[in-house]
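Summary of the model geometry
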Amino acid sequence: MTMATIPVSLCCVGTGDAFGSGGRLNSCFHLAAAGEQILLDCGCSSLIGMQRCGINPAEIDTVVISHLHGDHFGGIPFLLLEGKYVSQRSRPLTLIGPPGLQQRVEAVAEVLYPGVFGQKLNFPIEYRLLDPNKPLQINSAQIECFQVKHGSSQHVYGLRVEVAGKVVSYTGDTEWTESLIPLAQGSDILIAECFAYDQPVPSHLDYLTLLQKRKQLGCQRLLLTHMGPTVLAKIDQLELETLNDGERIDLL
Ligand SMILES: [Zn+2]
């Protein structure tokens, strides 16, 4: 008798860069398994993306943020706003990210909607910090982070989530760094940012480097996201797989 496997599904809510290249939405990936719903990054446009994908924002349990740039965490105030005014959310929300997450979320929320979040929300928010030395167990998901290289902050991470026996890894934003190898190793899927085609742009990955490192990464599937103009111009000629907004992948 074979054991029934729990389906894990990935929905690419937003596969764009910070500049709206190709009309794509900011970074946001939705992972659903065993009745649990997790977002990897929540860029400014994520609520729009979720609505387009038929994902109910009020059912998101956990949001994991790779780094504190707007195209990766700027959608959180809108998620909270939706919970307060539209869905009357009661389900608890766990927000996980680099040190400073809570202060930055609260500061952005106050700038965008002054006074709105000062009064109590009708759902609890728990903040948890990413730490490369301490994997987090959140319900049935194990969440690990790996320090990567993007700008001057030390607290910029690649994410690795294991749920229902499947592993989805995600580079966040980074230039090439050796920590991408343990991040990706043995993953069912690696979602890799690929902002540039051939010139190593500081702080970002490029297509030719990823192609060259493909085998070393040791993941089953390598899927490109966060593509800038130079990659999008060649999208029909690429050997590596690319993701699109709204695309769904079932991990069986
Ligand atoms: Zn970005």
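The following paragraphs examine the structure supplied in this document. (Residues numbered from 1 in each chain as written. Predicted model: local features only at pLDDT ≥ 70, side-chain atom pairs only at ≥ 80, totals over all residues.)

**Examining unusual backbone geometry**
One non-glycine residue, A34, adopts positive backbone phi at about 50°. On the secondary structure map, A34 appears in the loop between β2 (28–33) and β3 (36–40). The backbone of A164 shows a phi angle near 50°, a positive value even though the residue is not glycine. By the secondary structure assignment, A164 is in the loop between β9 (157–163) and β10 (166–170). (Helix = DSSP H or I, 4+ residues; strand = E, 2+ residues; numbered from the N terminus.)

**Some points on the pairing of strand β11 (residues 189–193)**
In terms of burial, β11 is a largely internal element, five of the five residues being buried. Neither face of β11 is open: one carries I189, I191 and E193, the other L190 and A192, and all of them are buried. Sheet analysis places β10 next to β11, joined by three bridges and oriented parallel. Note on β11: the bridge partner recorded for V168 is I189. For β11 and strand β12 (residues 221–225), the ladder comprises five bridges, and the chain directions are parallel. Counted as the bridge partner of I191 is L223 from β12. Following the backbone out of β11, through helix α6 (residues 207–217) and into the adjacent parallel β12, one traces a crossover that is right-handed. (Buried ≥ 20, exposed ≤ 12 C-beta atoms within 10 Å, placed from the backbone. Pairing = 2+ DSSP bridges. Right-handed = clockwise from strand over helix to strand, strands pointing away.)

**Remarks on the pairing of strand β1 (residues 8–14)**
Burial runs high along β1: six of the seven residues are buried. Judged from the six bridges that link them, β1 and β2 form a sheet pairing that is antiparallel. Bridging across to β2, V8 finds its partner in A33. Pairing geometry for β1 and strand β14 (residues 248–251), over four bridges, is antiparallel. In the sheet register, C11 faces β14, and the bridge partner there is R248.

**Digging into the environment of Q37**
Its place among the elements puts Q37 in strand β3. Residues Q37 and A141, spaced 104 residues apart in sequence, show a C-alpha to C-alpha distance of 10.0 Å. What Q37 contacts, discounting residues up to four positions off in sequence, is H30, A32, E59, I60 and D61. (Contact = placed C-beta atoms within 7 Å.)

**Some words on the environment of L224**
Its place among the elements puts L224 in strand β12. Between the alpha carbons of L224 and M50 there is a distance of 20 Å; along the sequence they are 174 residues apart. For L224, the residues in contact, after removing those within four places along its chain, are A192, C194, L240, E241, T242 and L243.

**Considerations on the sheet that holds β2**
With mixed pairing, the seven strands of this open sheet are ordered in space as β6-β5-β4-β3-β2-β1-β14. In this open sheet, the two edge strands, each paired with only one partner strand, are β6 (125–129) and β14. Each adjacent strand pair in this sheet contributes to an overall mean axis angle of 20°, direction not counted. Two elements, β3 and strand β4 (residues 62–64), share three bridges in a ladder whose sense is parallel. Across the sheet, the residue bridging to L40 is V64, located in β4. Seen against the sheet, helix α1 (residues 46–53) touches β1 and β2 and runs at an angle of roughly 125° to β1. (Axes fitted to C-alpha atoms, helices over the stretch in contact; angles between N-to-C directions.)

**Concerning the nonpolar core**
Grouped together as the largest cluster of nonpolar side chains are 68 residues, with contacts concentrated most on F29, L31, L39, V63, V64 and C194. Beyond its immediate chain neighbours, meaning those up to four positions away, C194 contacts L205, D206, Y207, L210, L224, H226, M227 and V231. (Core = buried A, V, L, I, M, F, W, Y, C linked by C-beta atoms within 7 Å.)

Keep in mind that these numbers describe shape and distance, not what the molecule does.
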